[in-house]
Amino acid sequence: MTVADTKFFAQGNVYLPHIAVIEKIVEETPGVRTYHFNFKDEKLRKEFTFQSGQFAQYSVLGTGEATFCISSSPTRRDHLEFAVQRVGKVTNALNRLGVGAEIGFRGPYGNSFPIDFLKGKNLVFIGGGIGLAPLRSLIWNVIDNRDKYKKIDIFYGARTPTDLCFKYDLEAWDKDKTVNMVTTVDRGDDSWKGKVGLVPKILEEVAPSAKETVAIVCGPPIMIRFTFPALEKLGFKPEQTLTTLEKRMKCGIGKCGRCNIGNLYVCRDGPVFSYAQIKDFVSSEY
Ligand SMILES: Cc1cc2nc3c(=O)[nH]c(=O)nc-3n(C[C@H](O)[C@H](O)[C@H](O)COP(=O)(O)OP(=O)(O)OC[C@H]3O[C@@H](n4cnc5c(N)ncnc54)[C@H](O)[C@@H]3O)c2cc1C
Ligand code: FES
């Protein structure tokens with residue numbers, strides 16, 4: 001799907017945010033929160049559609065806009081979710097809002113994970129820290145259509161047990177007998193019973209087969225930089241590896257030229273790319 005295909009575009013001024021209301025806030029880690037929200041406009045609430053992997057521009061009225069992926073799954077329509085790591089102006093302003101507060105939302109923008117390409121294949125999800133946010137949209141999407149996919153492996157890591165985001169999801173996937181969930185931390189504590197070690201190292205130890213498999217990677221740049229070579233060692237070709245990139249954005253719709261990586265615009269051509277598309281830029285940018 002391209003930006004121009006999205007239903008939202010047909011609804012008038014693309015720069016005009018829709019008003020959304022925060023319905024629930026989940027404290028994920030000391031610096032990360034998930035916001036559940038719904039549109040104030042009832043018609044939009046019913047008709048809004050998006051695909052896993054897409055993002056939006058969210059605004060705190062009077063402060064400004066920031067880019068976050070839609071972290072909930074399009075298969076679960078009761079509300080929408082986004083997860084935020086507190087780093088600066090807008091994310092700190094969001095942190096001061098409570099349930100019932102109004103925010104601006106424009107989107108969905110960008111392409112999405114190529115569902116048709118993934119169908120019938122084994123999937124290996126590899127996430128680090130808040131990088132699980134876009135992956136969890138796709139993971140729930142896949143689990144809700146479980147018969148359309150083969151084996152599912154999920155590798156997820158964070159610095160410490162406290163830094164693990166979406167613990168309720170990790171627990172659910174761990175219990176799901178159709179999913180192989182591997183959680184790791186860089187540094188454990190007395191209560192930690194899972195694996196200890198960096199994600200790329202644990203991935204190489206478990207060594208999922210590359211045959212008829214697609215790997216989907218999202219996490220901090222340092223994790224991405226070491227995960228791509230680990231996947232190549234396991235036999236994954238660059239076309240078999242997908243990732244979703246972050247690049248500072250302004251317009252979100254391919255007009256301002258702010259978000260380029262090489263000759264690609266992350267907002268318009270991405271944020272989902274195959275490793276084959278971005279291989280030449282990754283060493284310098286990531
Ligand atoms: C497609 C996409 C999806 C994203 N999804 C999420 C998400 O789901 N959750 C989430 O927490 N964040 C996500 N981000 C990152 C998020 O957009 C930034 O962290 C956010 O803009 C920070 O806003 P701020 O006003 O709080 O920070 P600012 O005050 O603008 O900046 C704080 C600091 O962070 C740096 N910074 C800000 N944005 C970026 C960036 N994109 N790359 C590198 N450095 C940056 C600034 O230079 C500054 O040092 C996503 C970004 C993109 C492009
Ligand atoms: S954010 Fe303007 S071109 Fe991508």
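Residues numbered from 1 in each chain as written. Chains lettered and ligands numbered in written order. Predicted model: local features only at pLDDT ≥ 70, side-chain atom pairs only at ≥ 80, totals over all residues. Heavy atoms only, no water.

Domains assigned within the protein are domain 1 (3–109) and domain 2 (115–244). Placing a centre on the C-alpha atoms of domain 1 and another on those of domain 2 gives a separation of 25 Å. Taken residue by residue, the interface counts 21 residues in domain 1 and 17 residues in domain 2. At the boundary of domain 1 with domain 2, total buried surface from both sides reaches about 1,400 Å², with 54% on carbon and sulfur atoms. Run the count over domain 1 and domain 2 and you get two salt bridges. For the salt bridge of arginine 136 with glutamate 81, the shortest nitrogen-to-oxygen distance reads 2.9 Å. Linking domain 1 to domain 2 there are eleven residue pairs in polar contact (both at pLDDT 80 or more). (Domains from an automatic or database assignment. Contact = heavy atoms within 4.5 Å. Buried area = accessible area lost by both parts, 1.4 Å probe. Salt bridge = Lys/Arg side-chain N within 4 Å of Asp/Glu carboxyl O. Polar contact = N/O pair within 3.5 Å; in protein donor to acceptor, adjacent residues only side chain to side chain.)

Moving on, we get to the site of ligand 1. Near ligand 1 you find 19 residues, and of these Thr67, Ala83, Gln85, Thr91 and Arg248 are the closest. Here ligand 1 loses 71% of its free accessible area of 890 Å² to cover by the protein chains. Those elements that provide at least two residues to the shell around ligand 1 are strand 4 (64–69), strand 5 (80–85) and helix 2 (89–95). In terms of residue count, the dominant contributor to the shell around ligand 1 is strand 4 (four residues). (Near = heavy atom within 4 Å. Areas by Shrake-Rupley, 256 points an atom, 1.4 Å probe, with all protein chains shown as cover. Helix = DSSP H or I, 4+ residues; strand = E, 2+ residues; numbered from the N terminus.)

The next subject is the sheet that holds strand 10 (residues 195–196). The strand order 10-9-8-7-11-12-15 describes an open sheet built from seven strands, whose pairing is mixed. Pairing within the sheet leaves two strands with one partner each, and these edge strands are strand 10 and strand 15 (272–274). With six bridges connecting them, strand 7 (residues 122–128) and strand 11 (residues 213–218) associate as parallel partners. Paired with asparagine 122 across the strands is threonine 213, a residue of strand 11. Against the sheet, helix 4 (residues 132–143) touches strand 7, strand 8 (152–158), strand 9 (179–185), strand 11 and strand 12 (241–244), its axis set at about 155° to strand 7. The strands touched by helix 6 (residues 199–206) are strand 7, strand 8, strand 9 and strand 10; relative to strand 8, the strand with the most contacts, the crossing angle is about 150°. (Pairing = 2+ DSSP bridges. Axes fitted to C-alpha atoms, helices over the stretch in contact; angles between N-to-C directions.)

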